[in-house]
Amino acid sequence: MFLDLAGIRPMIARIAMVNLSAALGGTLLGIDHVGLAVRDLDEAIARWSQTFGLEVSHREINESQGIEEAMLDLADGTRLQLLAPLNPESTIAKFLERSGEGMQQLAFRVTNIDEAMGNVLNAGMRLIYPESRVGTAGSLINFVHPKDVGGVLVELVQPVDH
C-alpha cells in the first residue's frame, strides 16, 4: 500500500490556517487584501483596470521595503495590492525571480497588531519581524512565517483607523 503524498500538503495547509484563525481569535476582522507580485506596476494596473474595472485607491513608494505598490478596491472592501520591485535586492524582486508574477501574500485585517502578534507567538508560530512595521498608508504590519501556515505568506494588517 502506498501513502498518497499529493493530499498531504493541502491537508497541512488547511490545519495551519485553522490554527492561525484560532490564534487570531477576536482580533481577526477579515481579509484586508491579496498581494500580487508584478514586474511592471503601470502594466499591471492597466491589466486589472481594463479586465475587471478596478480603480487605484492608493499608490505609494515604500523605500524601506524596496517596492512601489498600488491598492485597487473591490466592491466588498477587499483590495488587491500590486507590488513591483524598486531594486533587484527587494523581497519582491527575489520572489519574482523565484516564482514569477502572481500571488505573493494573503493579508488579514486585525483590530490590534500587538495582540495578534502575541496570539500568533503563543500558538507556536513565528513572525518575520520581532516588532510591527509601518506598511501601506501608515498601517501597522507583520508577517506570519509561511512554513507555519502551509506555505502561505500571511500578513497581519492593523489599518490606521483602528
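Summary of the structure given here.

About the thresholds
- Residues numbered from 1 in each chain as written.
- Predicted model: local features only at pLDDT ≥ 70, side-chain atom pairs only at ≥ 80, totals over all residues.
- Heavy atoms only, no water.
- Buried < 20%, exposed > 50% of the residue type's maximum accessible area, 1.4 Å probe, protein only.
- Helix = DSSP H or I, 4+ residues; strand = E, 2+ residues; numbered from the N terminus.
- Arc of directions from axis to C-beta.
- Polar contact = N/O pair within 3.5 Å; in protein donor to acceptor, adjacent residues only side chain to side chain.
- Phe/Tyr/Trp six-rings, centres within 6.5 Å; stacked < 30°, edge-to-face > 60°.
- Salt bridge = Lys/Arg side-chain N within 4 Å of Asp/Glu carboxyl O.

**Examining helix H4 (residues 113-122)**
Those residues of H4 not exposed but buried are Ile 113, Ala 116, Met 117 and Val 120. Across the axial projection of H4, the buried residues extend over an arc of 100°, all falling on one side. With respect to the buried face of H4, the exposed residues turned more than 90 degrees away are Asp 114 and Asn 122. Taking the backbone nitrogen of Asp 114 as reference, a side-chain oxygen 3.0 Å away marks Asn 112 as the first, capping residue of H4. Positive phi appears at Gly 124, one or two residues downstream of H4, with a value of about 85°.

**Some words on the packing of aromatic side chains**
If you walk through the whole model with that rule in mind, you get two aromatic pairs. When the centroid spacing of 5.2 Å and the interplanar angle of 25° are considered together, the rings of Trp 48 and Phe 52 count as stacked. One end of the pair is Trp 48 and the other is Phe 52, both in helix H2 (residues 41-52) and four residues apart, which spans about a single turn. Note on Trp 48: relative accessible area 21%, which makes it partly exposed. Relative accessible area serves as the criterion here: at 56%, Phe 52 is assigned to the exposed category. Taken together, a centroid distance of 6.2 Å and an interplanar angle of 70° make the contact between Tyr 129 and Phe 143 edge-to-face. Within this pair, whereas Tyr 129 is found in the loop between H4 and strand E6 (133-134), its partner Phe 143 is found in strand E7 (residues 140-144), the two being separated by 14 residues in sequence. Exposure remark for Phe 143: the relative accessible area of 8% places this residue in the buried category.

**A closer look at the pattern of salt bridges**
In this structure the tally under the stated criterion is five salt bridges. With a shortest N-O distance of 2.7 Å, Arg 109 and Asp 32 are connected by a salt bridge. With Arg 109 in strand E5 (residues 102-110) and Asp 32 in strand E1 (residues 28-37), the pair connects residues that are 77 residues apart, well separated along the chain. Among the residues examined, Arg 109 registers a relative accessible area of 23% and is labelled partly exposed. The shortest N-O distance in the salt bridge between Arg 59 and Glu 68 comes to 3.1 Å. By sharing partners, the salt bridges in this structure join Asp 32, Arg 79 and Arg 109 into a single network.

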